[in-house]
Amino acid sequence: MDTNIGAKERVTQNRLIGLFKNVLKYTCLGNWETREGNANIEETLLTAYLSRRGYTDKEIRSAIAKFKQAANSLGGGLYNANKEVYTLLRYGVNVQAEVTEKKKMVHLIDWANPMENDFQIAEEVTIQGESDRRPDLVVYVNGIALAVIELKRSTVSAHEGIRQNIRNQQDGYIPRFFTTIQLLFAGNDTEGLHYGVIKTPEKFWLRWKEPCGEPCKPSRFTAEEYPNELDRSVLQFFEPARLLEYIHDFIIFDGGVKKAARPNQYFAVKAAQPRVRKKQNGIIWHSQGSGKSLAMIWLARWIRENVSDARVVIITDRDELDKQIESGFKDAGEQIQRAKSGGKLIEMLNANPHDVYPVTPNLELDFGGARVRALFARHTNQHCTHADLTDPAHQRPWVNTPQRLACGNFGDLEYRDYLITTPGGLKIMFWGSNATPEQLGIIRELKPDIAIMQFTKQTPEDLAAMAEAGGVKVLIPHHMDLAMSEDVYLPRIEEMERAVHARVPGCTVITPERLKWYHMGLSVWA
């Protein structure tokens, strides 16, 4: 067990607890030195949060059970367990309350609305293991331990707290507690706040430094009001919105190594974001070794998730650097394609592959009744110029309708995946492709009543999976008969119906007569 906290460290600790409670408005859970059963997942707190969010008791029990299973699975090592937990935190836990019910995503943290979460802090948290340890401060969000802070008096180096954090993760101590921990901190009054993630070697820990203003909006926690660097850095980093944003957008698992953004990388990406939204250009100046590849990955990922119809092109001046960047993106789990010639680059840009589109839909048009929400898009005709697109010879039968012309506000794109909401609240989803796991998550959120889905290259199981994800009541496949003979077409329909009914027993499948669907009018707009 760690030695008792000294009087001078207690002064620092009490002061920080006061800042968390009175300034940041965290809930203070108290001193847990003698409390039994301390854990990185406090079920009572997590259950209370999920209940408030409207999940059923069965969904909550299932989500917590799956989450705890991931957090307790150290067989593959701390890195893999922490990575699996991070995935569940970022994207949610897929649960199924009953065998006959559709699956549902339970989100353990509301990333989009930080203040809807419960931010808590406990001190002197005794954790039992092969050798019991007692972290000074543990930050919980909705009862899930996300950060550990080790404090030292000013005459003891902050690096002693860093080494303490590193030791506690090792076998023989409390590695299981760190499966949910996303950030580790150590500090004192003279050296400020240092941070890292699991398995970060001591030499790679970082000291938090906030810019004084440009190019980012200055922090409300200024040096004038908070001259003590430790106090100021804690307030800046643990401000609820920033803490969640940092964990969500500035952590990656890079080929077996978990990494967090340096201050220069974080503020460079933050400065670029509003310029990207406004379609303005800019330059991020990096010195050698300052982490430009990782900054590109974090910015590219943010663009893909937050900017509609975005494509990211990276241009280098050396083949060796080009290969290095490609490798870096792939190691971090990001999809990237490398163009080895200018012609190939143009071909890739024109093709506009579906997987480059963001998973956050935010485009919607209101036609004075029905609302149309564009989800994913592709070029109407990648070989056409803008002038060609105005030529009826290149347009589909419905292109010249007033509704299609209004859709021009989306740009010269054909939105093959979109949601129509009628004045009465009926949701009709049009889907013209397969769905990635992220897109299946969006379908779950949309919960369409009627799904009109393309059935050409898609397998029966593809349609069944999408119908199950949305809990669809009525499924209408289309384009299923194009370029198919009847002896191929009819068995596919039967196979698709069986697959859908196996996954969604109450779903009604409607199959239009051959060749009629393609010429169907737009009565839905009436």
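Bear in mind that the values here come from a model prediction, so they are computed numbers and not experimental data.

A. Looking closely at the overall build of the protein. A tally of regular secondary structure across the protein gives 16 helices and 18 strands. Residue pairs in contact within the protein that sit at least 24 positions apart in sequence constitute 66% of those at least 6 positions apart. With the model as given, the accessible surface of the protein reaches about 25800 Å², and the carbon-plus-sulfur share is 51%.

B. Inspection of the packing of helix α8 (residues 263–277) against helix α9 (residues 292–306) at higher detail. The contact between α8 and α9 brings their axes to 10 Å, and the two run at 35°. Where α8 crosses over α9, the handedness of that crossing is right-handed. Counted together, Q265, V269, A272, Q273, V276 and R277 of α8 and L294, A295, W298, L299, W302, I303 and N306 of α9 form the full contact between these two elements.

C. Spotlight on the sheet that holds strand β8 (residues 192–196). Reading across from one edge, β1-β4-β5-β6-β7-β8-β9 is the order of the seven strands in this open sheet, with mixed pairing throughout. The open sheet has two free edges, formed respectively by β1 (27–31) and β9 (206–207), since each of these has just one partner strand. Looking at chain direction, strand β4 (residues 119–123) and strand β5 (residues 137–141) are connected through five bridges and run antiparallel. Looking across to β5, one finds that A122 is bridged to V138. Its contacts with the sheet place helix α5 (residues 158–168) against β6 (144–151), β7 (183–188) and β8, and it is angled at close to 150° to β7.

D. Main features of helix α3 (residues 57–71). For α3, which comprises 15 residues, the first-to-last C-alpha distance of 21 Å matches the rise-based estimate of 21 Å (1.5 Å per residue) to within 8%. Of the residues making up α3, those classed as buried are E59, I60, S62, A63, I64, F67, A70 and A71. Those residues of α3 hidden inside the fold are in contact with α2 (43–52), α4 (78–91), β2 (93–95), β3 (104–106) and β6.

E. Seen up close, α4. In this model, α4 (14 residues) spans 20 Å end to end at C-alpha, consistent with the 20 Å of a helix rising 1.5 Å per residue. Among all positions of α4, only L78, Y79, A81, N82, V85, Y86, L88, L89 and R90 are buried. A positive phi of about 100° marks G92, the residue just after α4.

F. Inspection of the environment of I109 at higher detail. Take I109: it is sitting in the loop between β3 and β4. For I109, a relative accessible area of 3% translates into the label buried. Note: C-alpha distance between I109 and L89 (20 residues apart in sequence) is 6.6 Å.

G. Just unusual backbone geometry, in detail. Residues other than glycine seldom take positive phi values, yet N142 does so here, at roughly 55°. The phi torsion at K199 lies on the positive side, around 65°, for a residue other than glycine. With respect to the helices and strands, K199 occurs in the loop between β8 and β9. A residue is classified by how much of its surface remains accessible, and K199, at 52% relative accessible area, is exposed.

H. Summary view of the side chain of T12. By the element assignment, T12 lies in helix α1 (residues 7–23). Residue T12 is classed as buried on the basis of its relative accessible area of 4%. With residues up to four places along the chain from it excluded, the contact list for T12 reads L151, D189 and L230.

I. Summary view of the packing of aromatic side chains. A complete count under the given rule lists 24 aromatic pairs for this structure. An angle of 70° between the planes, with centres 5.0 Å apart, marks the rings of F20 and Y26 as edge-to-face. Accessibility assignment for this pair places F20 and Y26 in one class, buried. Here F185 and Y195 contribute two aromatic rings whose centre-to-centre distance is 6.3 Å and whose plane-to-plane angle is 35°, an arrangement assigned as tilted. Linking F185 in strand β7 with Y195 in strand β8, this pair joins segments that are ten residues apart in sequence. Using a relative accessible area of 0% as the deciding quantity, one classes Y195 as buried.

J. Focus on the nonpolar core. Within the largest apolar cluster, 81 residues are counted, with the highest numbers of intra-cluster contacts made by L183, F237, F238 and Y246. For this core, the element with the most residues is α9, which contributes seven residues. The next biggest cluster of nonpolar side chains, apart from the first, holds 24 residues, and it includes L440, A451, A464 and V472.

K. Structural view of the pattern of salt bridges. Counted according to the given criterion, the structure contains 23 salt bridges. In this structure, E33 and R134 form a salt bridge, with 3.8 Å as the shortest nitrogen-oxygen distance. Here R134 lies in the loop between β4 and β5 and E33 lies in the loop between β1 and α2, a separation of 101 residues in the sequence. When its relative accessible area of 5% is taken as the criterion, R134 is described as buried. The partner of D449 in a salt bridge is K473, with the nearest N and O atoms 3.2 Å apart.

L. Examining the confidence of the model for the protein more closely. Taken as a whole, the protein shows an average pLDDT of 80; of its residues, 78% reach a score of 70 or greater. Here residues 353–363 is modelled with pLDDT under 50, and outside its nearest four sequence neighbours on either side it reaches 45 contacts, counting other chains as well. Overall, residues 377–415 carries pLDDT values under 50, and its contacts beyond four positions in sequence, including any with other chains, amount to 60 contacts.

M. Region of interest: the environment of W208. Along the chain, W208 falls in the loop between β9 and α6 (229–238). Given the relative accessible area of 1%, W208 is considered buried. Residues W208 and P263 lie 55 residues apart in sequence; the distance between their C-alpha atoms is 6.3 Å. Beyond its immediate chain neighbours, meaning those up to four positions away, W208 contacts L193, Y195, E229, S233, Q236, F237, R242, Y246, P263, Y266 and F267. A distance of 3.1 Å separates polar atoms of two side chains, one belonging to W208 and the other to E210.

Definitions and cut-offs
- Residues numbered from 1 in each chain as written.
- Predicted model: local features only at pLDDT ≥ 70, side-chain atom pairs only at ≥ 80, totals over all residues.
- Heavy atoms only, no water.
- Helix = DSSP H or I, 4+ residues; strand = E, 2+ residues; numbered from the N terminus.
- Contact = heavy atoms within 4.5 Å.
- Areas by Shrake-Rupley, 256 points an atom, 1.4 Å probe, with all protein chains shown as cover.
- Axes fitted to C-alpha atoms, helices over the stretch in contact; angles between N-to-C directions.
- Left-handed = near helix turned anticlockwise from the far one by under 90°.
- Pairing = 2+ DSSP bridges.
- Expected span 1.5 Å × (residues − 1).
- Buried < 20%, exposed > 50% of the residue type's maximum accessible area, 1.4 Å probe, protein only.
- Phe/Tyr/Trp six-rings, centres within 6.5 Å; stacked < 30°, edge-to-face > 60°.
- Core = buried A, V, L, I, M, F, W, Y, C linked by side-chain atoms within 4.5 Å.
- Salt bridge = Lys/Arg side-chain N within 4 Å of Asp/Glu carboxyl O.
- pLDDT = per-residue confidence, 0-100.
- Polar contact = N/O pair within 3.5 Å; in protein donor to acceptor, adjacent residues only side chain to side chain.

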